[in-house]
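# Observations on chain architecture
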Amino acid sequence: MGSHTIRELLPEDYEAALALWQKTPGMGLSEADSRENIGMFLSRNPGMSFVAEAGNELIGTILCGHDGRRGIFYHLTVRHDYRKRGIGRTLVECCLVRLKAAGILKCHLFVLADNSQGMAFWESMGFQGREDIHIYSRTINQ
Ligand SMILES: CC(C)(COP(=O)(O)OP(=O)(O)OC[C@H]1O[C@@H](n2cnc3c(N)ncnc32)[C@H](O)[C@@H]1OP(=O)(O)O)[C@@H](O)C(=O)NCCC(=O)NCCS
């Protein structure tokens, strides 16, 4: 297994990123993951999302953006055969640098309640699970 590089996630990474997400158990995918909607997210948040590559293969992703107030992460994943080598940590740290540069000093993310591995990762990164907040969601009909 060779070394890896980190670079910004670009719209043309969509197919490889989607393939990786589809192979990742615990990654909730929805209509928000269409090519068009991912493109919209990236154009609203340029230079904030990252990929890890090994050779020509995409082996990690993180989507990051902000709304002018708080940052948000989606779709942090590292391909199973590249885990536990600090790649997830590096992807998150790249985003934190960009958020800080944009003046954003706190960020949030969602973890499915049965993803104990994901929770252990975020805790080791200094993130705190919130017991005091419930998430409310509503679909906006067309
Ligand atoms: C979560 C995930 C991205 C971690 O990627 P990774 O590259 O293996 O993580 P790193 O090697 O950078 O680990 C960073 C820290 O998290 C800890 N960690 C990583 N995986 C862990 C696990 N399964 N259990 C406990 N701790 C873990 C490491 O010990 C490390 O801490 P340290 O630096 O203090 O030793 C990867 O396991 C993954 O893709 N999981 C499936 C998708 C997912 O659950 N995403 C997160 C939910 S949104």
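In what follows, the structure referred to is the one given above.
Everything numeric here is computed off the predicted structure, so don't read it as measured data. (Residues numbered from 1 in each chain as written. Predicted model: local features only at pLDDT ≥ 70, side-chain atom pairs only at ≥ 80, totals over all residues. Heavy atoms only, no water.)

## Thoughts on the overall build of the protein
Counting its regular elements, the protein contains 4 helices and 5 strands. Helices and strands appear in the protein in the N-to-C order β-α-α-β-β-β-α-β-α. Against the 2.2 N^0.38 benchmark of 14 Å for 142 residues, the protein shows a C-alpha radius of gyration of 15 Å, consistent with a compact globule. On the principal axes, the C-alpha backbone points of the protein span a range of 40 × 35 × 30 Å. (Helix = DSSP H or I, 4+ residues; strand = E, 2+ residues; numbered from the N terminus. Rg over C-alpha atoms; globule rule 2.2 N^0.38 Å.)

## Quick notes on the site of the ligand
Among the 18 residues in the neighbourhood of the ligand, the closest are listed as Lys 84, Gly 86, Arg 89, Asn 115 and Ser 124. Here an oxygen atom of the ligand and a side-chain polar atom of Ser 124 are 2.8 Å apart. For the ligand, the protein covers 76% of the area, taking 900 Å² as the surface of the free molecule. With respect to the pocket detection grid, the ligand is positioned in the largest pocket. If one sorts the elements of the shell around the ligand by residue count, helix α4 (residues 116-124) sits on top with 5 residues. (Near = heavy atom within 4 Å. Polar contact = N/O pair within 3.5 Å; in protein donor to acceptor, adjacent residues only side chain to side chain. Areas by Shrake-Rupley, 256 points an atom, 1.4 Å probe, with all protein chains shown as cover. 1 Å grid on protein atoms, 1.4 Å probe; cavity = no way out; pocket = protein on both sides within 12 Å on 5 of 7 lines; lining within 4 Å. Sits in = over half its atoms within 2 Å of the grid points.)

## Some details on the pairing of strand β4 (residues 71-78)
By the criterion of burial, β4 is predominantly enclosed, with 6 of the 8 residues buried. In terms of strand pairing, strand β3 (residues 57-66) meets β4 through 6 bridges, oriented antiparallel. Directly across from Leu 63, in β4, lies its bridge partner Tyr 74. Linking β3 to β4, which pair antiparallel, is a turn of 4 residues; within it Gly 68 sits at a positive phi near 95 degrees. The sheet contact formed by β4 and strand β5 (residues 107-109) spans 3 bridges and is parallel. Paired with Gly 71 across the two strands is Cys 107, which belongs to β5. (Buried < 20%, exposed > 50% of the residue type's maximum accessible area, 1.4 Å probe, protein only. Pairing = 2+ DSSP bridges.)

## Structural notes on the packing of aromatic side chains
Under the counting rule described, the total for this entry stands at 6 aromatic pairs. With a centroid separation of 5.8 Å and an interplanar angle of 15 degrees, the aromatic rings of Phe 73 and Trp 122 are classed as stacked. You can see Phe 73 sitting in strand β4 and its partner Trp 122 sitting in helix α4, a full 49 residues away along the chain. Each member of the pair, Phe 73 as well as Trp 122, carries the same accessibility label: buried. Note on Phe 73 and Phe 127: the rings are 6.1 Å apart at their centroids and 55 degrees apart in plane angle, and the pair reads as tilted. Here the residue Phe 73 occupies a position in strand β4, and Phe 127 occupies one in the segment after α4, the gap between them amounting to 54 residues. In this structure Phe 73 comes out as buried when scored by relative accessible area, which is 3%. (Phe/Tyr/Trp six-rings, centres within 6.5 Å; stacked < 30°, edge-to-face > 60°.)

## Here we look at the sheet that holds β4
One open sheet holds the 5 strands; their spatial order is β1-β2-β3-β4-β5, and the pairing between them is mixed. Each edge of the sheet is formed by a strand with only one pairing partner; in this case those strands are β1 (5-8) and β5. Across the sheet, the mean angle from the axis of one strand to that of its neighbour is 25 degrees, orientation sign disregarded. This element, helix α2 (residues 35-44), spans β3 and β4 of the sheet and lies at about 60 degrees to β3. (Axes fitted to C-alpha atoms, helices over the stretch in contact; angles between N-to-C directions. Contact = heavy atoms within 4.5 Å.)

By themselves these figures say nothing about function.
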